[in-house]
Amino acid sequence: MRLRTLLIWLAVVPTVAMGTQVAVTAERLLAQSEKLRSDVAAAEQVGAPLYTLMVDMQAERTATAARWTGTDGSEGELRVRRQATDSAAAEFRRLAVDPSRSFAEVTRQLEKLAEYRQRADTRSGAADSTLAYYSEVIGKVIQVYQQEFSHAEDAELAQASRPVVSMLQATEMVAREDTVLALAGPSGELTFVGYDQFVSALGAQRYLHEALIVPHLTDRDQRFYERVVGSSDWQTKTRIESAVLSGHKDIVSGIRLPADVGGWSSAHANFSVQMTTLNIDLARSVLARGEAKAAELQTEVAWLIGGSAGGLLAVVVVVVFTTRSVLRRLHDLHVRTVTVAEETLPDVVARLRRGQTVDPEALPAVSGDRDEVGRISDAFARAVAVSVDGHRELAAERHGFGLFASGIASRTGNLVSRQLSLTEDLQDTFGHDEALLAELMRADQLTVGMRRQIENLLILAGGEVPDPHTEPMRVADLLREAAAEVEDFRRIERQALDETSVEPSAISQISHLLAELLDNATRFSPPKSKVVIRAELVTDGLSVEIEDRGPRVTPERYEEMNGRLHEAPPYSVLAQNAHRLGLFVVGHLADQLRATVTLRRSVYGGTSAVVILPRQLLVATDERAPREIEPQARVLELLPAPSRATAPAAAPVPSLPAVREPEPAPEPAPEPVPETVPEPEPVVHTSAGLPSRRTKAPAAAPAAVPVPAAAPALVPVPALAVRPALPERVPQTHIAEQLREPRAQETVVRPDTATPEEVADAWADYEQGTQTVEEELRRDQP
């Protein structure tokens, strides 16, 4: 899971939890507010008719008791009370239609009203059972008040509604006293059951007034209550209750009430109205508090939602800001890391490989931040510093190894130079022997290859091939010079399609580059196939294409080889490819020349190497300038080719340059050379008739030496009796500057006094060394 997702979840989870809690709380408060408003509405709508029903039922109960005992005028009073009760019951039934309320029990009890009225009229059964029905209905009404309008969910409203219910109960107790006294009738006698009911009602109403009503009244209601209980009617009530308790007389059927209970009815009618007013005020006070509480709950919900929304918004803003800050820092760290990994470190490594210094400011530095992102950045900076230190040590070791390799190459180059000088001396001394001269030329060619390998070592060690040329060279001559560096040069076919020249400072490097590609082409192609090198001008400069008939190479292999041409490998890669270092050398030289080298499949199935030299290395060819041929190339052109019949078939590389053999013709009679024949180039010859390889003052050409007839391997020269002279090799003109050290002073050649056996042993040692070198070179070939 991504860090962004984790941070988002870190913000979403508490936000959702907090939002859920706020929603639940708001819903609960809104439900409570709605319940309060519903109770207030129900109390305003049903409470008044229900209270009227209770009062009318109490009055009808008292009138029924008076009618039962035959009190004068009770029949008319009962008729009036029943009409009032029926009107109140009808109003209650019309309004009490909410099925969620507990009004149904009162409605069911009212359905029995007609039955009990008939009992009262016929005086069937006991009076107590008939009057108990009225008390049961009134009790259900009080229970409805207690369940529906007491607000038990809210402690404050429950405390405020408690006096209302208690006042209803106290009023009922007083009404029961009134019913019991009415049941005494004109005789003023009560049964023991009636007397017990009176005493119980009296005790209950006094307890309710003293314990549950007075302590919970407000100051205003307290003052009103005190006026009621201080009135004469309430005092009359209290006096009659005390008289009944203390002044009654026991008789056989029950008790006889005192004579002064006659004032009860008028007193009760007066103070009951005042108590009803107090009950209505208490109920209205509770309803007002309920309405205010509902509004307060709604306000609280609004504040809760607004505050919670603001808090959630603040949390979201903080989380978003924190998340963006963390992600921005991590993104910056990622960008810096990628930049260091893809740009800075490769540039630092490249500079260290080139031996250049590294600016410490270019590397990430330790900031010392104590937070997590800062510590990660510091850890990465330390890792980069350790990596750069490691590359710096490797670069130092590479540079040291390069110096070591350069030193070895310098010493080896001195030996190769001495061997070339020795070969030149042998050519001067034994040049009259054609077979020996051919072998000496082959040894000279192998030595030139050894010199190129030594220069390869110098190039791979970081050095450069110096160029001793001072004049531009034609492309055709450059191709000839590069072909002369290859052992199997006879198979190379040169095509210079455009006439142009190359800058003197780049001749040796280009020649070395092309020689490596030509050597690679001749070694990895069939022995009898041709290798074509052609040069022509293109848009980007000079294009040199080398095409062979080698084996088929896969595209992946071409990609790998082209990679070697464009990247300087470490020494570990060089060590693993020690037998194939030519491509690495070509890559180094191409980088120095700013040229591009690409290997691809040719149309013949072999490999085609395309070299694009930039125009900065080219100069216009001076048509008047003499055509210059390098000494080595001149020797290869002037050296005669061996006969096809005598060429060794088993040798992988022919020992002499192959030229087309002319058709045999009868040897003409010797004729004197006419004086008009143009002279060849001024070349000094040795006493054996061979061209001298050292620079000397021009002298007259010696007498012509006929071609020995005993040499069947050589083709006679038909044009001239004298073999053309060989040009002189200039020592140390093709080797690197590091190899061009002062040669040891040559020992003056003294007359040889060695015996024939010593000469034979020395020659055997020379042949053995030559064979060893040939065997090593043959093992390098695939």
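Quick caveat, the model's predicted, so the values are computed rather than measured.

A. Spatial organisation of the packing of aromatic side chains. For the coordinates displayed, the defined rule picks out four aromatic pairs. Aromatic side chains Phe92 and Phe103 sit 5.9 Å apart centroid to centroid with 75° between the ring planes, which places their arrangement in the edge-to-face category. Linking Phe92 in helix α2 (residues 74-95) with Phe103 in the loop between α2 and α3 (104-110), this pair joins segments that are eleven residues apart in sequence. When the centroid spacing of 5.1 Å and the interplanar angle of 80° are considered together, the rings of Trp234 and Phe271 count as edge-to-face. Residue Trp234 is located in helix α9 (residues 232-247), and its partner Phe271 is located in helix α10 (residues 264-353); the two are separated by 37 residues in the primary sequence. According to the relative accessible area criterion, Trp234 is buried, its value standing at 9%. On the accessibility criterion, Phe271 (2% relative accessible area) is buried. Each residue in the set Tyr116, Tyr133 and Tyr134 is aromatic and connected to the rest through ring pairs, giving one cluster. Here Lys237 stacks its cationic end above the ring of Trp234, 4.1 Å away from the centre of that ring. The ring of Tyr604 carries Arg549 above its face, with NZ or CZ at 4.0 Å from the centroid.

B. The arrangement of the packing of helix α8 (residues 219-229) against α10 in detail. Between α8 and α10, whose axes approach to 10 Å, the crossing angle comes to 170°. Relative to α10, α8 is oriented roughly antiparallel. Seen from α8, the contacting residues are Asp221, Phe224, Tyr225 and Val228; seen from α10, they are Gln274, Met275, Thr277, Leu278 and Leu282. Taken together, the residues of the contact of α8 with α10 sort by class into six nonpolar, two polar and one charged.

C. A positive patch on the surface, seen in detail. A surface patch of like charges, here positive, comprises Arg2, Arg4, Arg324 and Arg328. With respect to the element layout, Arg324 can be found in helix α10.

D. Inspection of the sheet that holds strand β6 (residues 501-502) at higher detail. The strand order β4-β6-β11 describes an open sheet built from three strands, whose pairing is antiparallel. Each edge of the open sheet carries a strand with a single partner, namely β4 (473-474) and β11 (618-619). The sheet contact formed by β4 and β6 spans two bridges and is antiparallel. Residue pairing for β6: Arg474 is matched across the bridge by Ser501.

E. Local environment of the sheet that holds strand β9 (residues 596-601). Read across the open sheet, the five strands follow the order β5-β7-β8-β10-β9; overall the sheet is mixed. If you trace the sheet from one side to the other, it starts and ends with β5 (492-496) and β9, each paired once. Taking each pair of neighbouring strands and ignoring which way they run, the sheet shows an average axis angle of 15°. In this sheet, strand β8 (residues 541-547) lies alongside strand β7 (residues 531-538) in antiparallel orientation, the contact comprising seven bridges. By the bridge assignment, Val532 is partnered in β8 with Glu547. In the packing of helix α13 (residues 475-484) onto the sheet, contacts are made with β5, β7 and β8, and the angle to β5 comes to roughly 165°.

F. Inspection of the confidence of the model for the chain at higher detail. Confidence in the prediction for the chain averages 76 pLDDT; 76% of positions are at 70 or higher. A low-confidence stretch, residues 626-724 (pLDDT under 50), is modelled with 134 contacts involving residues beyond four sequence positions or located in other chains. Here residues 743-749 is a poorly scored stretch, pLDDT under 50, and it has four contacts once near neighbours within four places are set aside; other chains count.

G. Layout of the pairing of strand β10 (residues 607-614). Counting buried positions along β10 gives seven out of eight residues, so the element sits mostly inside the fold. The sheet contact formed by β8 and β10 spans seven bridges and is antiparallel. What sits directly across from Ser543, in β10, is Ile612. In terms of strand pairing, β9 meets β10 through six bridges, oriented antiparallel. Within β10, the residue paired with Arg600 across the bridge is Ser608. The hairpin formed by β9 and β10 contains five residues between the paired strands, and Gly605 there has a positive phi angle of roughly 95°.

H. Region of interest: the pattern of salt bridges. One pass over the structure, following the stated rule, counts 25 salt bridges. Glu105 is the salt-bridge partner of Lys140, the closest N and O atoms lying 3.8 Å from each other. Of this pair, Lys140 sits in helix α5 (residues 127-148) while Glu105 sits in helix α3, and the two are 35 residues apart along the sequence. Judged by its relative accessible area of 21%, Lys140 falls in the partly exposed class. Through salt bridges with shared partners, a single network forms among Glu60, Arg82, Asp86, Arg117 and Asp121.

I. Representation of helix α6 (residues 155-184) in the model. For α6, with 30 residues, the first-to-last C-alpha span of 44 Å sits near the 44 Å given by 1.5 Å per residue. Ser161 marks the point of greatest bend in α6, at about 30°, and the proline Pro163 comes within the next four residues. In terms of burial, α6 is a largely internal element, 24 of the 30 residues being buried. A positive phi of about 70° marks Gly185, the residue just after α6.

J. Representation of the nonpolar core within the structure. Counting 44 residues, the largest nonpolar core has Ile510, Leu513, Leu514, Leu518 and Ile546 as the members making the most contacts within it. Counting 26 residues, the second-largest nonpolar core is a separate cluster that includes Ala88, Ala96, Phe103 and Val165.

K. Region of the structure containing helix α7 (residues 192-213). Look at α7: 30 Å from first C-alpha to last across 22 residues, which is about the 32 Å you get at 1.5 Å a residue. When we look at burial in α7, the residues that qualify are Gly194, Tyr195, Phe198, Ala201, Leu202, Gln205, Leu208, His209 and Ile213. On its buried face, α7 is in contact with α6, β1 (189-190), α8, α9, β3 (255-256) and α10.

L. Quick peek at the environment of Ala243. Tracing the chain through its elements places Ala243 in helix α9. On the accessibility criterion, Ala243 (13% relative accessible area) is buried. Sequence separation of Ala243 and Asp260 is 17 residues, and the distance between their C-alpha atoms is 8.1 Å. For Ala243, the residues in contact, after removing those within four places along its chain, are His248, Pro258 and Asp260.

M. Structural detail: the environment of Phe401. Position of Phe401 among the secondary structure elements: in helix α11 (residues 372-429). Of the residues examined, Phe401 reaches a relative accessible area of 41% and is grouped as partly exposed. Through-space distance from the C-alpha of Phe401 to that of Ala461 is 7.5 Å; in sequence the pair is 60 residues apart.

Reading the values: rules and limits
- Residues numbered from 1 in each chain as written.
- Predicted model: local features only at pLDDT ≥ 70, side-chain atom pairs only at ≥ 80, totals over all residues.
- Heavy atoms only, no water.
- Phe/Tyr/Trp six-rings, centres within 6.5 Å; stacked < 30°, edge-to-face > 60°.
- Helix = DSSP H or I, 4+ residues; strand = E, 2+ residues; numbered from the N terminus.
- Buried < 20%, exposed > 50% of the residue type's maximum accessible area, 1.4 Å probe, protein only.
- Lys NZ or Arg CZ within 6 Å of the ring centre and 35° of its normal.
- Axes fitted to C-alpha atoms, helices over the stretch in contact; angles between N-to-C directions.
- Parallel < 35°, antiparallel > 145°, perpendicular 65-115°, else oblique.
- Contact = heavy atoms within 4.5 Å.
- Nonpolar A, V, L, I, M, F, W, Y, C, P; charged D, E, K, R; others polar.
- Patch = residues over 30% accessible without salt bridge, like charges linked within 9 Å, V, L, I, M, F, W, Y side chains within 5 Å.
- Areas by Shrake-Rupley, 256 points an atom, 1.4 Å probe, with all protein chains shown as cover.
- Salt bridge = Lys/Arg side-chain N within 4 Å of Asp/Glu carboxyl O.
- Lys, Arg positive; Asp, Glu negative; His and termini not counted.
- Charge placed at Lys NZ, Arg CZ, Asp CG, Glu CD.
- Pairing = 2+ DSSP bridges.
- pLDDT = per-residue confidence, 0-100.
- Expected span 1.5 Å × (residues − 1).
- Bend = angle between axes of the 7 residues up to and from the residue.
- Core = buried A, V, L, I, M, F, W, Y, C linked by side-chain atoms within 4.5 Å.

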